[in-house]
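An overview of the molecular structure
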Amino acid sequence: MNAKKTLSMTLAAAMAAGLLAGCGSSTDTAAEAESTVAAVESTEVAEAESTEAESTETAAEVESKGTITVAATPVPHAEILEAAKDLMAAEGWDLEIVEFTDYVQPNEVVESGDVDANYFQHVNYLNSYNEEKGTHLAIAGKIHYEPLGLYPGKQSDLDAITDGAEIAVPNDTTNCARALEAEGLIKLDPEAGITATENDIVENPHNIKIVPLAAEQVARTLEDVDFGVINGNYAMEAGLTSADAVALESADSEAIQQYVNVVAVKEGNENNEGVQALVKILKSDEIKDFINENYKGSVVPYDGE
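Just so it is clear, the model here is predicted, and its values are computed rather than measured. (Residues numbered from 1 in each chain as written. Predicted model: local features only at pLDDT ≥ 70, side-chain atom pairs only at ≥ 80, totals over all residues. Heavy atoms only, no water.)

1. Comments concerning the environment of V123
Structurally, V123 is set in helix α5 (residues 123-133). Judged by its relative accessible area of 12%, V123 is buried. It is 6.7 Å that separates the C-alpha atoms of V123 and V262, two residues lying 139 residues apart in sequence. Discounting chain neighbours no more than four positions away, the residues touching V123 are I139, K142, Q258, V260 and V262. (Helix = DSSP H or I, 4+ residues; strand = E, 2+ residues; numbered from the N terminus. Buried < 20%, exposed > 50% of the residue type's maximum accessible area, 1.4 Å probe, protein only. Contact = heavy atoms within 4.5 Å.)

This is the structure:
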């Protein structure tokens, strides 16, 4: 019940009491009414002050702890971070998202210290990048994985793939031939490990021609090649879903566990309070639900540590 209604009911009760009293003087009745009004007003002031005090206390509980800046590619990483903003704010953190459309700048800005963290890459890419570039990036938390897909271009039937077919692949070493070997289209030198490239192909029965491209370009060239190997985030940006792929990495495969997408920071910042708050929220049930509901298997929450 609001204060005005309470006041009205109190005055009505006071007036009724005055009328029923009958034998009392009008002066006494007026004084009694004035006293009642004063008491109600005093109560309203006290309640207002109490509410204000509670608001101040609540504000103090979520007093700003600072800003965390995170570099990310648009889909799904920046979208997931957007979903985490309110949860971060409830913990007192302002989450600022800086979007990039490539796989190089997000690491550069973290290495330089211009940005606190990034969220766009998997474990193997980060390790390979550190080795190739001499950078000092570390994993702060493992969040999700994206099954790599082989998508149709000029052809759509892998069983009937033509001799000399062209397949576009991401030109970073950790993704280059990963999906092709998984589908039995080629065989790689086992000693090449996760950084195998087309130069490490030891068996190529269909004489497949590998066409390395920047990861963000592969989806745009599908009409010019027979098939394309596309990272999950770039497939979604191009409007493709896991259902469009002619082959998709199995979510429970041992290999895919090496491709968990992470929040990365510069070495030494892994335990930064704001970064750890972000990791905790990105691994929360709320964000897991957001991922499952929005990406339908194209992005899968990681349940490990």
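2. Side note on the packing of aromatic side chains
Any two aromatic rings considered together are summarised by their centre-to-centre distance and by the angle between their planes. If you walk through the whole model with that rule in mind, you get six aromatic pairs. Pairwise contacts between aromatic rings join Y103, F120, Y125, Y129 and Y234 into one cluster. (Phe/Tyr/Trp six-rings, centres within 6.5 Å; stacked < 30°, edge-to-face > 60°.)

3. A closer look at the side chain of N118
Assignment of secondary structure puts N118 in strand β3 (residues 117-122). Owing to a relative accessible area of 0%, N118 belongs among the buried residues under this scheme. A polar contact is formed between the side chain of N118 and the backbone oxygen of P106, at a distance of 3.0 Å. Engagement of the side chain of N118 in a polar contact is seen with the side chain of N107, the distance being 2.9 Å. Look past the residues within four positions of N118 in its chain and what remains in contact with it is V70, A71, P106, N107, V110, V262, V263 and A264. (Polar contact = N/O pair within 3.5 Å; in protein donor to acceptor, adjacent residues only side chain to side chain.)

4. Some words on the side chain of N130
Residue position: N130 is located in helix α5. On the basis of relative accessible area, N130 is assigned to the buried category, the value being 15%. A distance of 2.9 Å separates a polar atom in the side chain of N130 from the backbone oxygen of L137. Apart from the residues lying within four places of it in its own chain, the contact partners of N130 are T135, H136 and L137.

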